[in-house]
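Geometric and topological summary
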Amino acid sequence: MPLTRSLSDAVVVITGASSGIGTATAYALARRGADVVLAARSEPALAAVARRCRDLGARALVVPTDVTDPVAVEELAARAADEFGRIDGWVNNAAVSAVGLFDEIPVAEFRRVLEINLLGAAYGIRAALPWLSMSGGGVLVNNASVLAEVAMPYQSAYNATRHGIRGLADTVRQELRVTGRGNISICTVLPATIDTPFFRHAGNHTGRELVPPPPVYPPEMVAETIVRLLRRPRREAYAGGAARLIGLPWRLAPALAERVLGWYAHRTRFGPSGAADSTGNVLRAQARRDGGWHGRRRRLVRVTAAFGLAAAGTAVGTMAAMTRRSRVQRR
């Protein structure tokens, strides 16, 4: 398997392709000469993305798909292979969220988040593996969010699915290796907060306006990370400096980081306005194309610096505690 793959004429399936990171990834691949297969619940939104991909010189196939239906996901893979002859890459990107306290999120929405985010990814992996194997090996990328490594309040179902996707990817990677199918790469991308419709589309059971916790990065940055993984696979990749900085203190001092991130999310997750109770796009598709959070990107440097200082402080504190413990043990 080559160290770096060419995306020219590659065939890549993208779920959740109708907006945000999925759309940005489709455009990034189209610019590099790849053929894209676009899947999501909203056919009109997918058609608009496909037109832009064709304008960029790519071939694009629209396959409306509910990723919670394993038969539909198998049909998505078959349609892609029938149209283009093979599948070289697959991006599991479809995701929704219901925001609120764990015991106040309706059970139907909690279940639906798990079905779309976690089972949808599992069905995607299952459908993709045979086709990736038949093409001589390929790359599957799961978009898992930095919340696959850390946790924040008010997103219990979403957090659970992100941690689940990371564990699922690790397990499948092990199984492929020990069964002699190491030519298939399973990658996980962990983005920070991204300027997509995610927060406007989320089910909201908080009574308050939802806003993304800064720093907020553009979806094109995640798309470029996914493209790099498709070209040169690696086990995991962060997208956005804040994602890496958030993960560091969680690994060094998880109890402290849990408290700090809980406080940070509680202070930054809500806007000044109230909001009516809403299921968002959890139970039905919505068509907004971007997040509209461009103004919050200006807080990038300040907040990233704060995370850096927190990570450094945590590291220093941890090393000091280990040094003290070592001295006590020597006595």
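For every chain, the first residue of its written sequence is number 1, and the numbers climb from 1 along that sequence. With pLDDT at 70 or above as the cut-off, local features in this predicted model cover only qualifying residues; side-chain atom pairs require 80 or more to be listed or tallied, and sums for whole chains, interfaces and linings still use all residues. Computation of side-chain values: all heavy atoms of the structure, hydrogens and water removed.

Section: the confidence of the model for the chain
Values of pLDDT, the confidence the predictor places in each residue, fall between 0 and 100. Scored by pLDDT, the chain comes out at a mean of 89, with 85% of its residues at no less than 70. Any two residues whose heavy atoms approach within 4.5 Å are treated as being in contact. Throughout residues 295-324 the model reports pLDDT below 50, and contacts reaching past four residues in sequence, or to other chains, amount to 38 contacts.

Focus on the sheet that holds strand E2 (residues 35-39)
A pair of strands is considered paired only if DSSP assigns at least 2 bridges between the two. Only DSSP runs of H or I with at least four residues qualify as helices, and only runs of E with at least two residues qualify as strands; both kinds are numbered from the N terminus onward. On the basis of which strands lie adjacent, the open sheet formed by seven strands has the order E3-E2-E1-E4-E6-E7-E10 and parallel pairing. Of all the strands in the sheet, the pair left with one neighbour each is strand E3 (60-62) and strand E10 (236-239). Averaged over all pairs of adjacent strands, the angle between strand axes in this sheet comes to 20 degrees, irrespective of strand direction. Looking at chain direction, E2 and E3 are connected through three bridges and run parallel. Within the sheet, the bridge partner assigned to Leu-38 lies in E3 and is Val-62. Helix axes use the C-alpha atoms of the stretch in contact, all axes being lines fitted to C-alpha atoms, and the angles between their N-to-C directions lie in the range 0 to 180 degrees.

Considerations on empty space enclosed by the protein
Using a grid of 1 Å spacing that covers the protein atoms alone, one calls a set of points a cavity when a 1.4 Å probe fits there but cannot get out, and a pocket when the set is open and has protein on both sides within 12 Å along at least five of seven lines; lining residues are those with an atom within 4 Å of a point. Grid points are joined across faces, edges and corners, and a volume is the space filled by probe spheres set on the points. According to the stated counting rule, one finds two cavities of 30 Å³ or more in the structure shown. Looking at the largest cavity, its volume works out to about 800 Å³. In this structure, the largest cavity is lined by 48 residues; those nearest its centre are Asn-93, Ala-95, Tyr-158, Thr-196 and Phe-198. Those elements that place two or more of their residues in the lining of the largest cavity are helix H1 (20-31), helix H4 (107-134), helix H5 (156-178), helix H6 (198-201) and helix H8 (241-252). The residue makeup of the lining of the largest cavity, split by class, is 26 nonpolar, 17 polar and five charged. The computed volume of the second largest cavity comes to approximately 70 Å³. If you trace the second largest cavity, you find it lined by Thr-15, Val-67, Asn-92, Asn-93, Ala-94, Ile-116, Asn-117, Gly-120, Ala-121, Asn-143, Arg-162 and Ile-165. Residue assignment for the lining of the second largest cavity shows that the elements contributing at least two residues are H4 and H5. With four residues, H4 is the single largest residue contributor to the lining of the second largest cavity. Following the grouping adopted for this structure description, the nonpolar residues are Ala, Val, Leu, Ile, Met, Phe, Trp, Tyr, Cys and Pro, the charged ones are Asp, Glu, Lys and Arg, and the polar ones are all others, Gly among them. Here the residues of the lining of the second largest cavity sort into five nonpolar, six polar and one charged.

Looking at H4
Given the number of residues in a helix, its expected span is that number minus one, multiplied by 1.5 Å. In a regular helix each residue adds 1.5 Å, so 28 residues correspond to 40 Å; H4 covers 40 Å between its end C-alpha atoms and thus fits that length. The sharpest bend along H4 comes to roughly 35 degrees, located at Leu-119. Gly-136 sits one or two positions beyond H4 and adopts a positive phi of about 90 degrees. The quantity called bend is, for any residue, the angle between two axes fitted respectively to the seven residues ending at it and the seven beginning at it.

Focus: the packing of helix H3 (residues 70-84) against H4
For the pair H3 and H4, the least separation of the axes is 9 Å and the interaxial angle reads 30 degrees. Overall, the two elements H3 and H4 adopt an arrangement that is roughly parallel. As for how H3 packs across H4, the hand of that crossing is right-handed. Of H4, the residues touching H3 (which contributes Pro-70, Val-73, Glu-74, Ala-77, Ala-78 and Ala-81) are Tyr-123, Gly-124, Arg-126, Ala-127 and Trp-131. Note on angle classes: values under 35 degrees are labelled roughly parallel, values over 145 roughly antiparallel, values of 65 to 115 roughly perpendicular, and the remainder oblique. Two helices crossing with the near one rotated counterclockwise from the far one by less than a right angle form a left-handed crossing, whereas a clockwise rotation gives a right-handed crossing.

Here's the deal with the environment of Thr-193
Checked against the element boundaries, Thr-193 lands in the loop between strand E7 (185-191) and H6. Since its relative accessible area comes to 17%, Thr-193 is described here as buried. Other than its neighbours up to four places away in sequence, Thr-193 contacts Phe-199, Pro-212, Pro-213, Pro-215, Val-216 and Tyr-217. Whenever two N or O atoms come within 3.5 Å, that pair is a polar contact, provided that in protein one can donate a hydrogen and the other can accept it, and provided that, for residues adjacent in sequence, both atoms are side-chain atoms. Here Pro-213 takes part through its backbone oxygen, which lies 3.0 Å from a polar atom of the side chain of Thr-193. When a residue's accessible area, from a 1.4 Å probe over protein chains only, is under 20% of the maximum for its type it is buried; when over 50% it is exposed; and in between it is partly exposed.

What to know about the pattern of salt bridges
Whenever a carboxyl oxygen of Asp or Glu lies within 4 Å of a side-chain nitrogen of Lys or Arg, that contact is scored as a salt bridge. Evaluated as defined, the whole model comprises ten salt bridges. Of the charged contacts, one joins Glu-224 and Arg-32 as a salt bridge, the two residues approaching to 2.7 Å between their closest N and O atoms. On the criterion of sequence distance, the pair formed by Glu-224 in helix H7 (residues 219-231) and Arg-32 in the loop between H1 and E2 is long-range, its members being 192 residues apart. Using a relative accessible area of 29% as the deciding quantity, one classes Glu-224 as partly exposed. The salt bridge partner of Arg-86 is Asp-88, with a shortest N-O separation of 2.9 Å. Taking the relative accessible area as the measure of exposure, Asp-88 reaches 17% and is therefore buried. Salt bridges sharing common partners tie together Arg-166, Asp-170, Arg-173, Arg-235 and Glu-236.

Considerations on the environment of Ile-246
For Ile-246, the position within the fold is in helix H8. Note on Ile-246: relative accessible area 6%, which makes it buried. For the pair Ile-246 and Val-150, spaced 96 residues apart in sequence, the C-alpha to C-alpha distance is 7.7 Å.

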